[in-house]
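Structural description and commentary
Chain by chain, the residues run as shown.
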Amino acid sequence: MACPVKPLQLHLILLFALWDVCSMINSGMLFPRESSSREIKELNGLWSFRADLSPNRNLGFEQAWYKRRLAETGPVLDMPVPASYNDITQDPKLRDFIGWVWYDREVVVPSRWVADKNIRVVLRVGSAHYYSVVWVNGVRVTEHDGGHLPFEAEIGGVLRGDPAAPCRVTIAVNNTLTLQTLPPGNIQYLNDPARYPKGYFVQNTYFDFFNYAGIHRSVLLYTTPQTYVNDVTVVTDFADGLGTIAYDVAVAGSASSNASLKVTLTDGEGRRVATATGPNGGLKVVDATLWWPYLMHERPGFLYNMEVCLQVAGARGEVLEDRYTLPVGIRTVKVTSTQFLINDKPFYFHGVNKHEDSDIRGKGFDWPLVVKDFNLMKWLGANSFRTSHYPYDEEILHMCDRHGIVVIDESPGVGIRDIRSFGNASLAHHLEVMGELVTRDKNHPSVVMWSVANEPASEMPPAGLYFETVIAHTKALDPTRPVTYVTNSNYARDKGAPFVDVICVNSYLSWYHDPGALDVISLQLNTQFEEWYGKYKKPIIQSEYGADVVPGLHSDPPVMFSEEYQVMVLRSYHEVFDQKRKQYVIGELIWNFADFMTAQGVTRVVGNKKGIFTRQRQPKAGAYTLRERYWRIANETGLLPPWTKYPCSQLRSP
Ligand code: BDP
């Protein structure tokens, strides 16, 4: 007879397994937080700005604009940070500009930060699109390839070089895309002198959103001690009411080998619930409160606080400390051949696809917009969204953690459609981006799945090996979450589908296919699901569907672009979802939450109009259809707090 494993032994085995996982996940880039040992100074506001309009866009480097104040080398504009620069002025040249733009500003740095050699001063840029080079007082401190993830540099050494000098930060940003960037693009010179002026070029892209550029997220300075908490990784689990948090702390700095570490977990009321010592280990939480999605449980988004306290002895025997607090949600994610399980309970994604996009700001982070969008998602009864088609600001993920909004976290791998974008250089960059993304977002309980790409040319021969490699790499970085990419191709030719955990499929029936033919949706959607499931036996999310609406346009019988037509498309899809969600369809994400700006083209009327909200966040008729449905599903499947029970009498039909 097999020797029974006692519960305690089981937990130890589990914890050891989780520690292994923790140590596999990448290191670095903790979200900056204030603590007794860390200070933050935001550099948001007005910066000086100039686009380099020279023919080769290289004048700024040739004349070394970073060596002096930008205002001393030519005319400058006021430019808000964070914001895209494109829609800030009346100048069409700036809206459509391609090449280097230059930002600078001076910062008053507290003299204590410079005088105290035990302080590290870090300059952090939340994101700048696409390629950035950063100087402090004319010294190049870092550069970064990629438009949607943070980068930073320690600048204490530069500041101490001349403590009397003001701290001038210069950032040059270039939005040129190549076949090896993510997303890819290419510059095409139009050389016909009869049709185009000399040197005329355009940037071709293979994605459907405006290539907004500039410094899109917060720029800040933060401090840490010289020996500091460089990274924290947590992996959570639970069994029989006992929650487990396996943690791994990476310490950096000269005295890191002598550091001692204490980890303290507190609950929402600040009560201490578990402690541990050492750089890695496990916390056990008796009667753990789990992290649950919005509308799945009475208490969604529960977070503990895990404080890491690092101590080292200073030169004079004094104790030097670093403290960093990470919010932690205890939850598990699993996938079967027909279900997506959160905390071992089936989870159905009833949500949206979004963009970081709004009037004037473009892709610039904006708190009022973020909070409004969360209120709208809650109003709608949405429990999830996909970060189509690039990683969003980390503040948004913190909101998701706190509100229980589930996230499919997507890389900027959108529009990989040219065969040359499947080469080694592209692959190497894609792996690097997945590393940066997982490093940044690995601890967010709201993030339940990685999406490595959207609608790549997955039928092309190199796609199989390419995506097998990217997906395997992502799973090696984070074995705790499923991985997908979002497809739109014919299932029979999809080379990457064997490697994903969940099939995410986009389709625009009665729109791009059979325009106007609402009566084919049911049959075609049914065929789509049966074929994908029949071939791969994996759960399926309808990751995009929808129809453009010019708000206020009405037509009965419905015609394309009218509010009624969008409603009919949605209802036709919903009928099929309702049959298939009893089997293997695990979610539906509308395309799109709100109208958004695109490049100009004959199929776009001042942007993509498939939003259920306008770009100004006013509901179209489709929003009410979706709201009625999402609340009905939530009432059927969730355990709702009494105050969220949706009174059906208030539902408005279009
Ligand atoms: C899908 C793309 C999305 C587009 C959408 C559309 O994934 O980025 O915006 O089509 O055309 O295929 O509206």
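Coordinates for the structure precede this section.
**Let's talk about the overall build of the chain**
Helix and strand content of the chain: 12 helices and 32 strands. Over its C-alpha atoms the chain spans a radius of gyration of 26 Å, differing by no more than 12% from the 26 Å that the globule rule assigns to 654 residues. Counting only C-alpha atoms, the chain reaches 90 × 80 × 50 Å along its principal axes. Counting over 654 residues, the chain shows a buried share of 58%. Split by element, the accessible area of the chain, about 26,100 Å² in all, is 54% carbon and sulfur. Considering the chain, the positive charge centre built from 65 side chains and the negative charge centre built from 70 side chains are found 1 Å apart.

**Brief notes about the side chain of Thr 236**
Its location among the elements puts Thr 236 in strand β15 (residues 228-239). Of the residues examined, Thr 236 reaches a relative accessible area of 13% and is grouped as buried. A polar side-chain atom of Thr 236 sits 2.8 Å from the main-chain carbonyl oxygen of Arg 331.

**Structural notes on the sheet that holds strand β20 (residues 304-313)**
Within a sheet, neighbouring strands are paired by backbone hydrogen bonds and run either parallel or antiparallel to one another. Taken together, the four strands give an open sheet; going across it, the order is β18-β17-β20-β21, and neighbouring strands pair in antiparallel fashion. One side of each edge strand has no neighbouring strand; the edge strands of this open sheet are β18 (272-277) and β21 (319-328). Here the average twist between neighbouring strands, direction ignored, is 15°. With five bridges connecting them, strand β17 (residues 260-266) and β18 associate as antiparallel partners. Directly across from Thr 266, in β18, lies its bridge partner Arg 272.

**Thoughts on helix α9 (residues 463-477)**
Relative to the 21 Å expected for 15 residues at 1.5 Å per residue, α9 spans 21 Å between its end C-alpha atoms, a close match to the ideal helical length. Taken as a whole, α9 has its buried residues at Ala 463, Gly 464, Tyr 466, Phe 467, Val 470, Ile 471, Thr 474 and Leu 477.

**Focus on the packing of aromatic side chains**
By the definition in use, this model includes 40 aromatic pairs. Residues Phe 340 and Phe 349 carry aromatic rings whose centres are separated by 5.0 Å and whose planes lie at 75° to one another, so their mutual orientation is edge-to-face. Taken as a pair, Phe 340 and Phe 349 share a single burial class, namely buried. A centroid spacing of 5.4 Å and a plane angle of 70° characterise the contact between Tyr 508 and Tyr 512, whose relative ring orientation is edge-to-face.

**Re the site of the ligand**
Taken together, 14 residues sit near the ligand, with Asp 208, His 389, Glu 455, Tyr 512 and Lys 610 positioned nearest. Take Glu 455: an N or O atom from its side chain is 2.6 Å from an oxygen atom of the ligand. Here Arg 604 contributes a side-chain N or O atom positioned 3.1 Å from an oxygen atom of the ligand. Protein coverage of the free-state accessible area of the ligand, which is 320 Å², stands at 91%. Per-class residue counts for the shell around the ligand are four nonpolar, five polar and five charged.

**A few points about the pattern of salt bridges**
Going through the model one piece at a time under the given rule, you end up with 35 salt bridges. A salt bridge links Arg 323 to Glu 321; the nearest nitrogen and oxygen atoms lie 3.0 Å apart. Overall, Arg 323 belongs to the partly exposed group, its relative accessible area being 23%. The partner of Asp 501 in a salt bridge is Lys 475, with the nearest N and O atoms 2.7 Å apart. Taken as a pair, Asp 501 in the loop between β29 (483-487) and β30 (503-506) and Lys 475 in helix α9 lie far apart in primary sequence, 26 residues in all. Owing to a relative accessible area of 22%, Asp 501 belongs among the partly exposed residues under this scheme.

**With respect to the nonpolar core**
Counting residues in each nonpolar core, the largest one holds 87 residues, and the members touching the most others are Phe 374, Phe 385, Val 452 and Phe 467. When near neighbours in sequence (up to four residues on either side) are disregarded, Phe 385 contacts Val 352, Lys 354, Phe 374, Met 377, Tyr 392, Ile 396, Cys 400, Ile 405, Val 406, Val 407 and Ile 408. Of all hydrophobic cores here, the second largest spans 48 residues; its members include Val 249, Leu 283, Met 296 and Val 448.

**Points about the environment of Thr 598**
In this fold, Thr 598 is placed in the loop between β32 (585-590) and α12 (621-637). A residue is classified by how much of its surface remains accessible, and Thr 598, at 3% relative accessible area, is buried. Here Thr 598 is in contact with Asp 208, Phe 209, Phe 210, Arg 604, Gly 607 and Asn 608, once residues within four sequence places are set aside.

**Digging into the side chain of Thr 223**
With respect to the helices and strands, Thr 223 occurs in strand β14 (residues 219-225). Not counting residues up to four positions away in its chain, the partners in contact with Thr 223 are Ser 37, Arg 38, Glu 39, Trp 113, Ile 119 and Arg 120.

**As for the environment of Asn 118**
Within the secondary structure layout, Asn 118 lies in the loop between α4 (111-115) and β5 (119-125). By relative accessible area, Asn 118 is classed as partly exposed at 25%. When neighbours within four sequence positions are excluded, Asn 118 is seen to be in contact with Thr 224, Pro 225, Gln 226 and Leu 320.

**Description of the sheet that holds strand β23 (residues 340-342)**
As summarised here, the arrangement of the three strands in space is β22-β23-β24, forming an open sheet in which the pairing is antiparallel. Lying at the two open borders of the sheet, with one neighbouring strand each, are β22 (333-335) and β24 (345-346). Pairing analysis gives three bridges linking β22 to β23, with the strands arranged antiparallel. Residue pairing across strands places Val 335 opposite Phe 340, the latter belonging to β23.

**Here we look at helix α7 (residues 394-403)**
Burial analysis of α7 places seven of its 10 residues in the buried class, the great majority of the element. Sitting at the head of α7, Asp 393 places a side-chain oxygen 2.8 Å from the backbone nitrogen of Glu 395. Just beyond α7, the residue with positive phi is Gly 404, at close to 75°.

**Section: the packing of helix α8 (residues 424-441) against α9**
The geometry of α8 relative to α9 is characterised by a closest axis approach of 10 Å and an angle of 25° between their N-to-C directions. On the basis of the axis angle, α8 is roughly parallel to α9. The handedness of the crossing between α8 and α9 comes out as right-handed. The residues of α9 that touch α8, namely those facing Ser 426, Leu 427, His 430, Leu 431, Met 434, Gly 435 and Val 438, are Tyr 466, Phe 467, Thr 469, Val 470, His 473, Thr 474 and Leu 477. Among the residues forming the contact of α8 with α9, the class breakdown is eight nonpolar, six polar and no charged.

**Comments concerning the packing of helix α11 (residues 563-580) against α12**
Between α11 and α12, whose axes approach to 8 Å, the crossing angle comes to 25°. With respect to α12, the element α11 is oriented roughly parallel. Like other packed secondary-structure pairs, α11 and α12 cross with a definite hand, here right-handed. Packed against α11, whose contacting residues are Glu 563, Gln 566, Val 567, Leu 570, Arg 571, His 574, Phe 577 and Asp 578, the element α12 presents Ala 621, Gly 622, Thr 625, Leu 626 and Arg 629 at the interface. Its residues placed into classes, the contact of α11 with α12 shows five nonpolar, four polar and four charged.

What counts as what
- Residues numbered from 1 in each chain as written.
- Predicted model: local features only at pLDDT ≥ 70, side-chain atom pairs only at ≥ 80, totals over all residues.
- Heavy atoms only, no water.
- Helix = DSSP H or I, 4+ residues; strand = E, 2+ residues; numbered from the N terminus.
- Rg over C-alpha atoms; globule rule 2.2 N^0.38 Å.
- Buried < 20%, exposed > 50% of the residue type's maximum accessible area, 1.4 Å probe, protein only.
- Areas by Shrake-Rupley, 256 points an atom, 1.4 Å probe, with all protein chains shown as cover.
- Lys, Arg positive; Asp, Glu negative; His and termini not counted.
- Charge placed at Lys NZ, Arg CZ, Asp CG, Glu CD.
- Polar contact = N/O pair within 3.5 Å; in protein donor to acceptor, adjacent residues only side chain to side chain.
- Pairing = 2+ DSSP bridges.
- Axes fitted to C-alpha atoms, helices over the stretch in contact; angles between N-to-C directions.
- Expected span 1.5 Å × (residues − 1).
- Phe/Tyr/Trp six-rings, centres within 6.5 Å; stacked < 30°, edge-to-face > 60°.
- Near = heavy atom within 4 Å.
- Nonpolar A, V, L, I, M, F, W, Y, C, P; charged D, E, K, R; others polar.
- Salt bridge = Lys/Arg side-chain N within 4 Å of Asp/Glu carboxyl O.
- Core = buried A, V, L, I, M, F, W, Y, C linked by side-chain atoms within 4.5 Å.
- Contact = heavy atoms within 4.5 Å.
- Parallel < 35°, antiparallel > 145°, perpendicular 65-115°, else oblique.
- Left-handed = near helix turned anticlockwise from the far one by under 90°.

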